[in-house]
Amino acid sequence: QVQLVESGGGLVQPGGSLRLSCAASGFTFSSYAMNWYRQAPGKERELVAAITSVGGSTNYADSVKGRFTISRDNAKNTVDLQMNSLKPEDTAVYYCNAERRILRRSYWGQGTQVTVSS
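The following paragraphs examine the structure supplied in this document. (Residues numbered from 1 in each chain as written. Predicted model: local features only at pLDDT ≥ 70, side-chain atom pairs only at ≥ 80, totals over all residues. Heavy atoms only, no water.)

1. Side note on the environment of Ser106
So the rule is basically this: What counts as a helix is a DSSP run of H or I of at least four residues, what counts as a strand is a run of E of at least two, and both are numbered from the N terminus. Residue contacts are counted whenever heavy atoms from the two residues lie within 4.5 Å of one another. Nitrogen and oxygen atoms within 3.5 Å of one another constitute a polar contact, given that in protein one can donate a hydrogen and the other can accept it, and given that sequence-neighbouring residues count only through two side-chain atoms.
Within the secondary structure, Ser106 sits in strand S10 (residues 105-108). For Ser106 and Thr78, which are 28 residues apart along the polypeptide, the C-alpha to C-alpha distance reads 16 Å. If we ignore the near neighbours within four places in the chain, the residues touching Ser106 are Asn97, Ala98 and Glu99. At a separation of 2.8 Å, a polar atom in the side chain of Ser106 contacts the side chain of Asn97.

Next comes the structure, spelled out in C-alpha cells:
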C-alpha cells in the first residue's frame, strides 16, 4: 500500500521558517522523482519544488527560489522542504508527490497546512 505522509506544517510569522517532511512507503522510493506542490484557497495547485530520483537535480518555482530547499534521503525514504523567509503568500496546503513518468505513476499525500500570518 502506497503511503505519503506529510508533517511539519503549522502557523508561523512572516520571516519565519518551517521544515516539511514526507515519509514514503509502499513503493521503490529511490526510483521516483519527488515533488512538493501547494494549493492556496481559490487557486490552482502549483509545483513548488522538485528533486530527481537520486537527488542530483532540483528545480524551484520562481516565487520560492532562494528561500526554499528540497532534499531527500533515499535510505530513509523521506523528502523534506526547508522553507525560510516565509511570506503570507506562502500560505497554502502543501502536498508531497511521488512521480515516475516512464510508468505514468503519481502518488499524493494528504497535505499539510502552512499558514504564514502575524
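2. A look at the sheet that holds strand S8 (residues 78-83)
Let me state the cut-off plainly: Between any two strands, pairing holds if DSSP finds at least two bridges. The convention used is that axes are lines fitted to C-alpha atoms, helices contributing only their stretch in contact, and that angles between N-to-C directions extend from 0 to 180 degrees.
Taken together, 4 strands build an open sheet; the order of strands is S1-S3-S8-S7 and the sheet is antiparallel. In the strand order of this sheet, the two ends are held by strand S1 (3-7) and strand S7 (68-73), each with one partner. Within the sheet, the average angular offset between the axes of one strand and its neighbour, ignoring direction, is 15°. Two strands pair when backbone bridges link them, and strand S3 (residues 18-25) and S8 are joined in this way by 6 bridges, in the antiparallel orientation. Bridge pairing links Leu18 to Met83 in S8.

3. Observations regarding unusual backbone geometry
Among all residues save glycine, negative phi is the norm, and among peptide bonds the norm is trans. This is how the line gets drawn: Three labels apply to residues, based on accessible area from a 1.4 Å probe with only protein chains included: buried if under 20% of the type maximum, exposed if over 50%, partly exposed otherwise in between.
Of note in this structure, Asn77 is not a glycine but carries a positive phi near 60°. Even without a glycine there, the phi angle at Ser85 is positive, about 50°. On the secondary structure map, Ser85 appears in the loop between S8 and strand S9 (92-100). For Ser85, a relative accessible area of 41% translates into the label partly exposed.

Taken by themselves, the reported measurements are silent on function.
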